[in-house]
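Spelled out from the first residue to the last, the chains are:
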Amino acid sequence: MAHTPVNHPLRPIYRIVGFVVGAYLVAFGIIGFISTSSEAFTGPGVRALGQGSNVLWSIISLALGALVILATVVGRNIDAAVDQYLGWALLVLGSYSLCVLRTDEVNFFGFTMSTVIVTYLAGLLLITVSLYSKTAPQSQTGAPRQVREGRTA
């Protein structure tokens, strides 16, 4: 039986990690938008923070980062759901971009290999954060693992 931890003791740290990932996406989106504002909407674009970007990817990363930050600030398990879905979306987007990396016609986001790697890392971090940041009232949670296994500490 699968079990996702509820009220994990390191939940505040995981929320901070989610916030940092969102802040990085926002910063990358702003810097990318500023540096690509005179370029085409899609296409190869330019490099921002060592990654390939164009106006479309800058806007998308800015929106995704703002959504992650908003969900983290709101909390109440909304952050767990948003981080999970956006993490998987970033993995799918990174996989698509990896497939079309060497083509100019369908590389709409102007990704480079470094952008694919950072997108994968951001997606995996958000998925991990979503697994450990759920909360529930104490009456609805089970006994701690040590008690379930018959250990005292």
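Residues numbered from 1 in each chain as written. Predicted model: local features only at pLDDT ≥ 70, side-chain atom pairs only at ≥ 80, totals over all residues. Heavy atoms only, no water.

- Within an unreviewed UniProt entry, the label attached to the protein reads DUF4383 domain-containing protein, and the organism entered is Actinoplanes sichuanensis.

1. A closer look at the UniProt feature "transmembrane region" (unreviewed entry) in the protein
- Per the UniProt record, "transmembrane region" (unreviewed entry) is annotated on residues 12–35, 55–73, 85–103 and 109–132.
- Helix makes up 100% of residues 55–73 and strand 0%, and the two end C-alpha atoms of the span are 27 Å apart.
- End-to-end, the C-alpha atoms of residues 85–103 are 28 Å apart, and along that stretch the chain is 79% helix and 0% strand. (UniProt positions renumbered as here; feature names shortened; annotations may be inferred. Helix = DSSP H or I, 4+ residues; strand = E, 2+ residues; numbered from the N terminus.)

2. Digging into the nonpolar core
- Grouped together as the largest cluster of nonpolar side chains are 18 residues, with contacts concentrated most on W57, L86, L90, F109 and L126.
- Elements that contribute at least two residues to this core include exactly helix 1 (11–36), helix 2 (55–74), helix 3 (78–99) and helix 4 (113–132).
- Here this core gets five residues from one element, more than from any other, and that element is helix 2.
- Excluding anything up to four places from it in sequence, L86 contacts L64, L67, V68 and L126. (Core = buried A, V, L, I, M, F, W, Y, C linked by side-chain atoms within 4.5 Å. Buried < 20%, exposed > 50% of the residue type's maximum accessible area, 1.4 Å probe, protein only. Contact = heavy atoms within 4.5 Å.)

3. Description of helix 1
- The end-to-end C-alpha separation of helix 1 is 37 Å, in line with the 38 Å expected for 26 residues at 1.5 Å each.
- Of the surrounding secondary structure, the elements contacted by the buried residues of helix 1 are strand 1 (46–48), strand 2 (51–53), helix 2, helix 3 and helix 4. (Expected span 1.5 Å × (residues − 1).)

4. Topic: unusual backbone geometry
- In this structure, N7 is a non-glycine residue whose phi angle is positive, near 55°.
- Here N7 lies in the segment before helix 1.
- In this structure N7 comes out as partly exposed when scored by relative accessible area, which is 28%.
- A positive phi angle is found at L49, which is not glycine, with a value near 55°.
- Structurally, L49 can be placed in the loop between strand 1 and strand 2.

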